[in-house]
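# Structural overview
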Amino acid sequence: MSNEHKYVLGQSARAARRLELQDRHFAAPSEALLDALAVLPADRVVELGCGPGGLTKRIVKRLGATGRVTAVDASEGLLTEARKALAGAGNVSFVRADVAQPGAWLDGATVVLGRAILHHVPMAEFLLGRLKATLAPGTRIGFLEPDFRRPLIELSRAHAARPELAPLLTFAKAINDLYSAWRISGAVGASLAPAMRDAGFADVRHQWHPFATDADVLENMGLIYEEVRDTFASLNIISSQEIDEEQQKLAALAVGDLPAVWGLHLAVARL
Ligand SMILES: C[S@@+](CC[C@H](N)C(=O)[O-])C[C@H]1O[C@@H](n2cnc3c(N)ncnc32)[C@H](O)[C@@H]1O
């Protein structure tokens, strides 16, 4: 697989640990996604961009003996972590593939879903069009996609009275700049539901799940800074020394009433 499809935030066991932490603060919207898709015991689920398998575990819990999940990812390192996390689960298979190019792994799917995957795909709308052309009518489709911009009006307003919130704005800008530099689809979550409606998907539903900036979310930001420290510096987004300073400012924030920095869009539909 070419470097083009490398996960921008890293392939390592450290990335897997961060995604495990992230699975905890994604818990409520993740269960909401599976509820909205009405995942049933006999479903044949295809998960796009499974990473280390946090959402896969939640899907497996909903399946019965005849249900199956095919978990697809481009990163061999993260698939290895997912295989470990799902060891013993009989109804999971893993496929290494670029999800932007639908393949035989979609055959027979009754549900196609993904969490925090579309924003990593350049021109993610092309993938949705390919899925619409490929999948059988009636297939349920759903995504959770992050948005690091929607909460920023409120964050910026709060910052005017609380200068100590500056490291939250710096982090939001850095992550948005990273996605732009990689030419991926950082803002896809916000337009997903109306775009699916325009394209004739049926029964389109949308929810916005902002995250309170609690200790887990702050720790995740710190881990992201460490994971992509060198990339941030090489792209002139934020230097290593500035990251050190930002890490100290984040650590000094008092958890309790910090405004949201990011959240997840939930969008589901039927073909
Ligand atoms: C933010 S992680 C999310 C992982 C997992 N869905 C979760 O929520 O824990 C994004 C995942 O998408 C995978 N990915 C990114 N681009 C991909 C592509 N074009 N094809 C397949 N997987 C891709 C990465 O390897 C990574 O595992």
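See the structure shown above.
Residues numbered from 1 in each chain as written. Predicted model: local features only at pLDDT ≥ 70, side-chain atom pairs only at ≥ 80, totals over all residues. Heavy atoms only, no water.

### Concerning the side chain of His209
We count it as follows: Numbering of helices and strands runs from the N terminus; a helix is a DSSP stretch of H or I covering at least four residues, while a strand is a stretch of E covering at least two. Only protein chains enter the accessibility calculation, which uses a 1.4 Å probe. A residue is then buried if its area is under 20% of the maximum for its type, exposed if over 50%, and partly exposed in between. What makes two residues a contact is simply this: any of their non-hydrogen atoms within 4.5 Å.
Locating His209 in the fold gives a position in strand β6 (residues 202-210). Taking the relative accessible area as the measure of exposure, His209 reaches 18% and is therefore buried. Not counting chain neighbours up to four residues away, the residues in contact with His209 comprise Pro29, Ala32, Gly263, Leu264 and Leu266.

### Thoughts on the packing of helix α7 (residues 166-181) against helix α9 (residues 215-227)
Under the convention used in this document: Angles shown run from 0 to 180 degrees and are taken between the N-to-C directions of axes, each axis being a line fitted to C-alpha atoms and, for helices, limited to the stretch in contact. Oblique is the label for every angle not falling under 35 degrees (roughly parallel), over 145 degrees (roughly antiparallel), or within 65 to 115 degrees (roughly perpendicular). When the near helix sits turned anticlockwise from the far one by under a right angle, the crossing is termed left-handed; a clockwise turn instead gives a right-handed crossing.
Viewed as axis vectors pointing N to C, α7 and α9 meet at an angle of 50°, and their least axial separation amounts to 12 Å. When the axes of α7 and α9 are compared, the pair comes out oblique. In the packing of α7 onto α9, the handedness of the crossing is left-handed. Here α7 contributes Leu168, Thr170, Phe171 and Ile175 to the contact with α9, which in turn contributes Leu218, Met221, Ile224 and Tyr225.

### Notes on the site of the ligand
For clarity, the threshold we go by: Working definition: residue near molecule or strand if any one of its non-hydrogen atoms lies within 4 Å of it. Here the accessible surface of atoms and residues is derived via Shrake-Rupley with a 1.4 Å probe, and residues count as covered only by protein chains that are part of the display. Asp, Glu, Lys and Arg are counted as charged, while Ala, Val, Leu, Ile, Met, Phe, Trp, Tyr, Cys and Pro are counted as nonpolar; the rest, among them Gly, fall into the polar class.
Close contacts around the ligand come from 15 residues, with Gly49, Asp73, Asp98, Val99 and Arg115 the closest. Protein chains bury 97% of the 590 Å² of accessible surface belonging to the ligand in isolation. Looking at the shell around the ligand, its residues break down into eight nonpolar, four polar and three charged.

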